[in-house]
Amino acid sequence: MSSAAILAVDHLTLSFGGLVALNDLSFTVRGREITALIGPNGAGKTTVFNCVTGFYKPTVGRVQLTHPDGALFLLERLPEFRIARDARVARTFQNVRLFTGMTALENLLVAQHNMLMAASGFSVLGLFGAGPYNRAEANAVDKARFWLDRVGLLARADDPAGALPYGAQRRLEIARAMCTDPVLLCLDEPAAGLNNRESAELNLLLRALRDENGTSILLIEHDMAVVMEISDHIVVLDYGVKIADGTPAQVRNDAKVIAAYLGVPDDEVGQIEAQVRS
């Protein structure tokens, strides 16, 4: 039996002047599943992420997140910081954005600053070693070390993040996002720049987040080997319009998807469909 939808994108439209970047887009992300958002360059994938995480506000439409406890959040109405803090939507970026001068451990502690500030009473209690803050800080370190271990970087906890290999930096960025206890984890091209071994490690990590942590994942990815191997559900965009929505097997054999990736004109899609059927 399928899990309930935790993210519902309904009739999402975003215009920049006369340019329609997203046009009446609707799809869902189900709990404990990996949903991939794919399409040719310029299809509108990152624009969708920017609407989900609050960087852009849609011209029309609704983006609703539902927590497992039933709490509802209309993301299009919330400022960016509340989407991260209250709705618990975490995001990584196509270009790694770590604090390169901080250690790997410190990067994961920074992700927990909201909790640490609350423990300090938003005052100077942390500077004086107050009991509640000390306990919160110890818990934050434990969580950071737990996630470093999960991504295979515990031995590098005290190394500067900028000194880590590129693949390790990718995993560290995911670990930092997981330190916020996200209900929805949005990953923007997590396999970009990885070699085959690193991509395989990433696949194992993302499946573990889904299966062991119950994390719901929405990802943008150009590596179709990664997409087809780990995705439960795929949504395909082309010029801001959804052209396919289904399982990897359904999407792989969809004529419109094949045509979009090959750059085939609309009037030739029928020929592609005939070839797929044959």
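Residues numbered from 1 in each chain as written. Predicted model: local features only at pLDDT ≥ 70, side-chain atom pairs only at ≥ 80, totals over all residues. Heavy atoms only, no water.

1. Regarding the nonpolar core
By size, the foremost hydrophobic cluster in this structure holds 42 residues, and its most contacted members are L172, I174, L185, L206 and L209. Counting residues per element, this core draws most heavily on helix α6 (residues 166–178), at six residues. Composition of this core by domain shows at least three residues from each of domain 1 (1–88 + 182–278) and domain 2 (100–181). When near neighbours in sequence (up to four residues on either side) are disregarded, L185 contacts A90, I174, A177, M178, L209, T215, S216, I217 and L218. Grouped together as the second largest cluster of nonpolar side chains are 30 residues, I6, L12, L14 and L25 included. (Core = buried A, V, L, I, M, F, W, Y, C linked by side-chain atoms within 4.5 Å. Buried < 20%, exposed > 50% of the residue type's maximum accessible area, 1.4 Å probe, protein only. Helix = DSSP H or I, 4+ residues; strand = E, 2+ residues; numbered from the N terminus. Domains from an automatic or database assignment. Contact = heavy atoms within 4.5 Å.)

2. Here's the deal with the pairing of strand β2 (residues 19–30)
In terms of strand pairing, strand β1 (residues 5–16) meets β2 through eight bridges, oriented antiparallel. Paired with L7 across the strands is V29, a residue of β2. Joining the antiparallel neighbours β1 and β2 is a turn of two residues, in which G17 adopts a positive phi near 65°. (Pairing = 2+ DSSP bridges.)

3. Remarks on helix α7 (residues 196–211)
Here α7 spans 23 Å end to end across 16 residues, near enough to the 22 Å set by a 1.5 Å rise per residue. Restricting attention to buried positions, one finds in α7 the residues E198, S199, L202, N203, L205, L206, A208, L209 and R210. For α7, the N-terminal capping position is held by N195, with its side-chain oxygen 3.1 Å away from the main-chain nitrogen of R197. (Expected span 1.5 Å × (residues − 1). Polar contact = N/O pair within 3.5 Å; in protein donor to acceptor, adjacent residues only side chain to side chain.)

4. Examining the pairing of strand β9 (residues 233–238)
For β9, a buried count of five out of six residues is recorded, marking the element as mostly surrounded by other parts of the structure. As defined by bridge partners, strand β3 (residues 34–38) adjoins β9 across four bridges and the pair is classed as parallel. Bridging from a neighbouring strand, T35 pairs with H233 of β9. Sheet analysis places β9 next to strand β10 (residues 241–246), joined by five bridges and oriented antiparallel. Following the sheet pairing, V236 is matched in β10 by A244. Connecting β9 to the next strand, β10, in antiparallel fashion are two residues, including Y239 with a positive phi near 55°.

5. Considerations on α6
The first and last C-alpha atoms of α6 sit 19 Å apart over 13 residues, in line with the 18 Å expected at 1.5 Å per residue. Burial within α6 is extensive, with 12 of its 13 residues counted as buried. Those residues of α6 not exposed but buried are G167, A168, Q169, R170, R171, L172, E173, I174, A175, R176, A177 and M178.

6. Details of the pattern of salt bridges
Tallied over the full model, the rule gives 15 salt bridges. For E173, the salt bridge identified is with R176, shortest N-O distance 3.9 Å. In this pair, E173 and R176 are both assigned in helix α6, three residues apart and thus about one turn of the helix distant. For E173, a relative accessible area of 3% translates into the label buried. One continuous salt-bridge network, built from bridges that share partners, spans R82, R85 and D86. (Salt bridge = Lys/Arg side-chain N within 4 Å of Asp/Glu carboxyl O.)

7. So, the environment of G246
Relative to the assigned elements, G246 resides in strand β10. G246 has contacts with H233, I234 and V251, leaving out every residue within four places of it along the chain.

8. Observations regarding the sheet that holds β2
Taken in spatial order, the four strands of this open sheet run β2-β1-β4-β5, and their pairing is antiparallel. Unpaired on one side and paired on the other, β2 and β5 (72–74) mark the two borders of the sheet. Strand-to-strand twist of the sheet, defined as the mean angle between neighbouring strand axes without regard to direction, takes the value 15°. Of the pairings in the sheet, the one linking strand β4 (residues 60–66) to β5 comprises three bridges and is antiparallel in character. Counterpart to Q64 in the pairing with β5 is L74. Against the sheet, helix α1 (residues 45–52) touches β1, β2 and β4, its axis set at about 70° to β2. (Axes fitted to C-alpha atoms, helices over the stretch in contact; angles between N-to-C directions.)

9. Topic: the side chain of H233
Its location among the elements puts H233 in strand β9. Overall, the relative accessible area of 10% leaves H233 in the buried class. Polar contacts involving the side chain of H233 include one to the main-chain carbonyl oxygen of T28, which spans 3.4 Å.

10. So, the environment of V141
If you trace the backbone, V141 turns up in helix α5 (residues 131–150). Residues V141 and L105 lie 36 residues apart in sequence; the distance between their C-alpha atoms is 7.8 Å. Beyond its immediate chain neighbours, meaning those up to four positions away, V141 contacts L105 and L109.

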